[in-house]
Amino acid sequence: MGIEDILMYDESLFQNINAFDPDYYPPNYNFRDSQMEAMAMSIRPAMRGGKPSNAIVLGAPATGKTTAVRKVFELVEKNTEKVVCVYINCQLHTTRFGIFSQIHKKLFGHIPPETGVPFSRIYDKIMKDLQKNEKALIVALDDINYLFQSKNADKVLYDLLRAYEEYPGVRTGIFTILSDLEFRYAFDKNVNTVFIPQEITFPLYTYSEIEDILRDRANAGFFPNVLPDDILEQVSMYTLENGDLRVGINILRICGNIAEADASREITQKHFDRAIESLVSVDISETLKSLNDNEKYILRMIADKEGMFNAGELSKIYKKKTGSSYASFNRALDKLEFVRLIDTKYTGKGVRGNAREITLRFNPDDFSF
């Protein structure tokens, strides 16, 4: 290694290491225009004095749901003072008080006291402020499944969506952000009558989209010429195979750290190989634990068969052995694909031209389910 290739102690490959952080929001946000347009259409009536529409924002983890919602919220508040947009992470705020505390903070600049003030007073203060100032409220509940676990989802949605009954003129809308198919139909009937959302789906990124996103992230995070194209291609392919964009972003950061520690001015093949070796593989066993009995049963059938199943063949066996409906089978199969345990491929060979072949994404011998 020559002197020119050795980094001094105060040199770095990173021009902005924060570009690889999970909470980094890139200035260029691509490939989600149609989803963001659908969100904007839901909010548009509120900007004209009407009632906003509700939406379910649905997609696998790391498909850009949260970033898209926050980008749209920024644009809305940049263009009008008549709509208040509140993003809430339900992993952090799982109670009714916690949710409305975040709304209170957005409206008044601080959270209310945790003790000594009844919830009804906080709720009344929020709604009267919206009523007085003729402002619409849009609340994004990210990972709302955590509210179901705490049994607060129905109450929170009811409080928000039926506020107009007690506070005439108050206009509210909700975006529920989900990474689990199960919760699309889990609301109480009293909530469903007022929720009536449109569904905005975020598909998995394609290879070319992944490569472009990772290139943009690398350009933001590294100095020029640090990441060769052949390494970017390998990172992109690994990301595609794992189905999670965050994996690729994390690999870029690890590659940079390893190359920097190696006193190299660019990321090489050996740095990529070492980065892959250092990754902790996704714990499939945790995903398997989250499945219900029907989903596990179908997964076992797929795992036990030599060769490839097609969905029609599998559904007949499933229905005969369990007595369950085809609709139940299809929901379970969609869930298994959604959590990346299986892949399905339309072959066009069925009676209606829409047969699906099913393949596992993991080695069943390595796991118990």
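Residues numbered from 1 in each chain as written. Predicted model: local features only at pLDDT ≥ 70, side-chain atom pairs only at ≥ 80, totals over all residues. Heavy atoms only, no water.

### Concerning helix α2 (residues 65-79)
So, point 1. Given a rise of 1.5 Å per residue, 15 residues ought to cover 21 Å, and the 22 Å separating the end C-alpha atoms of α2 matches this to within 8%.
So, point 2. Inspection of α2 places Lys 65, Thr 67, Ala 68, Val 69, Lys 71, Val 72, Phe 73 and Val 76 among the buried residues, and these make up the whole buried set.
So, point 3. Packing partners of the buried residues in α2 comprise α1 (33-47), β1 (55-59), β2 (83-89), β3 (136-142), β4 (171-178) and β5 (198-202). (Helix = DSSP H or I, 4+ residues; strand = E, 2+ residues; numbered from the N terminus. Expected span 1.5 Å × (residues − 1). Buried < 20%, exposed > 50% of the residue type's maximum accessible area, 1.4 Å probe, protein only. Contact = heavy atoms within 4.5 Å.)

### What to know about the packing of helix α9 (residues 207-221) against helix α11 (residues 245-261)
So, point 1. Where α9 meets α11, the axes come as close as 10 Å, and the angle between the chain directions of the two elements is 35°. Like other packed secondary-structure pairs, α9 and α11 cross with a definite hand, here right-handed. The segment α9 lies against α11, with Ile 210, Ile 213, Leu 214, Arg 217 and Ala 218 engaging Leu 245, Gly 248, Ile 249 and Leu 252.
So, point 2. Of the residues belonging to the contact of α9 with α11, the class tally is 7 nonpolar, 1 polar and 1 charged. (Axes fitted to C-alpha atoms, helices over the stretch in contact; angles between N-to-C directions. Left-handed = near helix turned anticlockwise from the far one by under 90°. Nonpolar A, V, L, I, M, F, W, Y, C, P; charged D, E, K, R; others polar.)

### Some thoughts on the packing of α9 against helix α10 (residues 229-242)
So, point 1. The interhelical angle for the contact between α9 and α10, taken along N-to-C directions, is 125°, at an axis separation of 9 Å. Judged on the interaxial angle alone, α10 and α9 are oblique. Classified by chirality, the crossing of α10 by α9 is right-handed. Side by side, α9 and α10 meet where Tyr 207, Ile 210, Glu 211, Leu 214 and Arg 215 of the first sit next to Leu 232, Glu 233, Val 235, Ser 236, Met 237, Thr 239 and Leu 240 of the second.
So, point 2. Here the residues of the contact of α9 with α10 are counted per class, giving 7 nonpolar, 2 polar and 3 charged. (Parallel < 35°, antiparallel > 145°, perpendicular 65-115°, else oblique.)

Function cannot be read off these values alone, since they describe shape.
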